[in-house]
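Examining the three-dimensional arrangement
Residue strings, one per chain:
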Amino acid sequence: MLDLLAVVAPVFLIVGAGYWAVGRGAFPIEGAEALMLFAQRFAIPCLLFLAMSRIDLATLLNWKLIISFYSGTLSCFAISALMAFSFFRRAGPAAVTVGFSATFANAVLLGLPIVERAFGEAALDASFTVIAFHAPICYAVGIAAMEAVLADGKSRSETVWTIVKAIFSNPLMIGIAGGLVVNLFNLALPPLILDPVEFMSRAAIGAALFALGGVLVKYQISDRWGEIGMVTLLRLIWHPTLAYVLAAIIFKLPEDIVHGIVVTASMAPGVNTYVFANMYGRGKGTAASTVLIGTALSVVTVSAWLYILS
């Protein structure tokens, strides 16, 4: 158990330090938001660029890996959106936001450092494969569903363009795409380009974790406890359980791949869930609450998953 705490504690301590610093006024909330922008728009894209430029393309195209992870992703969206609409009596657009909250795992900010600390770099290829498809699949599903329920008169081509624009204007996707081009064409980058990218990537995880903690301070807890509990249960328990059953039992994938995708699947909802809710102005309270509460509870649930996998 102490070994497990040694893996997860440093990650969540940095998140906690950011939360404490902003909450006590030692660091401005504007600074935390700016640091998050730096991490998400510059440092993490550099990290993903390097990872994609070096990843084994056979791993990237492993359909069993993709099915093992994204079966849970899509089922989380379907279950939570339908429950929000039929059981919690949410209007269609708000139900879609609740569904998106259960769909988008914090695979980058929390997933990567925990996977690396727990299982080493060998398990990271599976995590990077998940991340390569994460934004395209989640945003495509979320935006398509939202545009459909809003029924605002957009044509199918306009909806497709909205999805494509949202995905490929994302700096994370730009970093991933650039790295894949380098990998695919076996390009040798000169040190003049490669060294600054590597320097920037080293700042990614620490800055992102601290900023995540700081940004969480501004989120207010909603009183929709049923929805929050449902989304948290799907994110922290259902998704990793399904990923484990598919990857380890049905497909019998290598241990490193199982470790990478199950731990990534066990991550709390990411900040992008609130970004999505804010973009459409629907379900913001539930989205913000699931990020905050899910991140806090994941200290326990991620430790449990690490124990199971070890």
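Anything mentioned here points back to the structure above.
From a predicted model like this one, the values you see are computed outputs, not experimental measurements.

What the protein chain contains, in helices and strands, is 15 helices and zero strands. Computed over the C-alpha atoms, the radius of gyration of the protein chain is 19 Å, within 12% of the 19 Å expected from 2.2 N^0.38 for a compact globule of 310 residues. Expressed as lengths along the three principal axes of its C-alpha atoms, the size of the protein chain is roughly 55 × 50 × 45 Å. Looking at the protein chain as a whole, 53% of its 310 residues qualify as buried. By sequence separation, contacts in the protein chain at least 24 residues apart represent 84% of the contacts at least 6 residues apart. Total accessible area computed for the protein chain in this model is approximately 13,600 Å², and 68% of it derives from carbon and sulfur atoms.

The biggest cluster of nonpolar side chains holds 82 residues, and the ones touching the most others in it are Ile44 and Phe128. If you tally residues by element for this core, the top one is helix H7 (residues 124-150), at twelve residues. Here Phe128 is in contact with Leu48, Ala51, Met52, Ile55 and Leu112, once residues within four sequence places are set aside. In this structure, Ala102, Met230, Val231 and Leu234 belong to the second largest nonpolar core, which totals eight residues.

This part is about the side chain of Thr286. With respect to the helices and strands, the residue Thr286 is situated in helix H15 (residues 284-309). Beyond its immediate sequence surroundings of up to four residues, Thr286 is in contact with Arg90, Val98, Ser222, Arg224 and Glu227.

With that settled, consider the layout of surface pockets. Estimated volume of the largest pocket: approximately 620 Å³. Surrounding the largest pocket, 22 residues form its lining, Leu37, Gln40, Arg41, Asn272 and Val275 being those nearest its centre. Elements that contribute at least two residues to the lining of the largest pocket include exactly helix H2 (29-54), helix H8 (156-168), helix H9 (171-184) and helix H14 (272-280). Residue contributions to the lining of the largest pocket peak at six residues, all from H14. Across the lining of the largest pocket, the residue classes break down as 13 nonpolar, five polar and four charged. Estimates place the volume of the second largest pocket at around 320 Å³. Breaking the lining of the second largest pocket down by element, the ones donating at least two residues are H2, helix H6 (107-119) and H7.

With that settled, consider empty space enclosed by the protein. Following the criterion strictly, the structure yields one cavity of 30 Å³ or more and no others. Its boundaries defined by the atoms lining it, the largest cavity holds a volume of some 200 Å³. Looking at the largest cavity, it is lined by 19 residues, and the ones nearest its centre are Phe104, Ala105, Val108, Leu172 and Asn272. Grouping the constituent residues of the lining of the largest cavity by class yields 13 nonpolar, six polar and no charged.

Here the focus is the packing of H7 against H8. If you want to describe how two helices pack, look at the angle between their axes and the distance between the axes. In contact at an axis separation of 9 Å, H7 and H8 are set at 145 degrees when each is read in the N-to-C sense. Considering how the two elements wind past one another, H7 and H8 form a crossing that is right-handed. Where H7 approaches H8, its residues Ala135, Pro136, Tyr139, Ala140, Ile143, Ala144 and Glu147 are matched on the opposing element by Thr159, Thr162, Ile163, Ala166 and Ile167.

Another aspect to go through is the side chain of His259. With respect to the secondary-structure elements, His259 resides in helix H13 (residues 255-265). If we ignore the near neighbours within four places in the chain, the residues touching His259 are Phe119, Ala123 and Leu309.

This brings us to the packing of aromatic side chains. All chains considered together, the criterion is met by nine aromatic pairs. Centre to centre, the rings of Phe276 and Tyr280 are 5.3 Å apart; their planes meet at 55 degrees, and the pair counts as tilted. With Phe276 and Tyr280 both in helix H14 and four residues apart, this pair spans about one turn of that helix. For the residue pair Phe276 and Tyr280, the accessibility class agrees, reading buried in each case.

Turning to H14, its buried residues are Asn272, Thr273, Phe276, Ala277 and Tyr280. The arc that holds every buried residue of H14, seen down its axis, measures 145 degrees, which confines them to one face. Tucked into the core, H14 has its buried residues touching helix H5 (92-103), H7 and H15.

A word on unusual backbone geometry. Positive phi, normally seen in glycine, also occurs at Asn186, with a value near 50 degrees. Non-glycine residue Lys252 carries a positive phi angle of around 50 degrees. Topologically, Lys252 is positioned in the loop between helix H12 (225-250) and H13.

The rules behind these values
Residues numbered from 1 in each chain as written. Predicted model: local features only at pLDDT ≥ 70, side-chain atom pairs only at ≥ 80, totals over all residues. Heavy atoms only, no water. Helix = DSSP H or I, 4+ residues; strand = E, 2+ residues; numbered from the N terminus. Rg over C-alpha atoms; globule rule 2.2 N^0.38 Å. Buried < 20%, exposed > 50% of the residue type's maximum accessible area, 1.4 Å probe, protein only. Contact = heavy atoms within 4.5 Å. Areas by Shrake-Rupley, 256 points an atom, 1.4 Å probe, with all protein chains shown as cover. Core = buried A, V, L, I, M, F, W, Y, C linked by side-chain atoms within 4.5 Å. 1 Å grid on protein atoms, 1.4 Å probe; cavity = no way out; pocket = protein on both sides within 12 Å on 5 of 7 lines; lining within 4 Å. Points joined across faces, edges and corners; volume = space filled by probe spheres on them. Nonpolar A, V, L, I, M, F, W, Y, C, P; charged D, E, K, R; others polar. Axes fitted to C-alpha atoms, helices over the stretch in contact; angles between N-to-C directions. Left-handed = near helix turned anticlockwise from the far one by under 90°. Phe/Tyr/Trp six-rings, centres within 6.5 Å; stacked < 30°, edge-to-face > 60°. Arc of directions from axis to C-beta.

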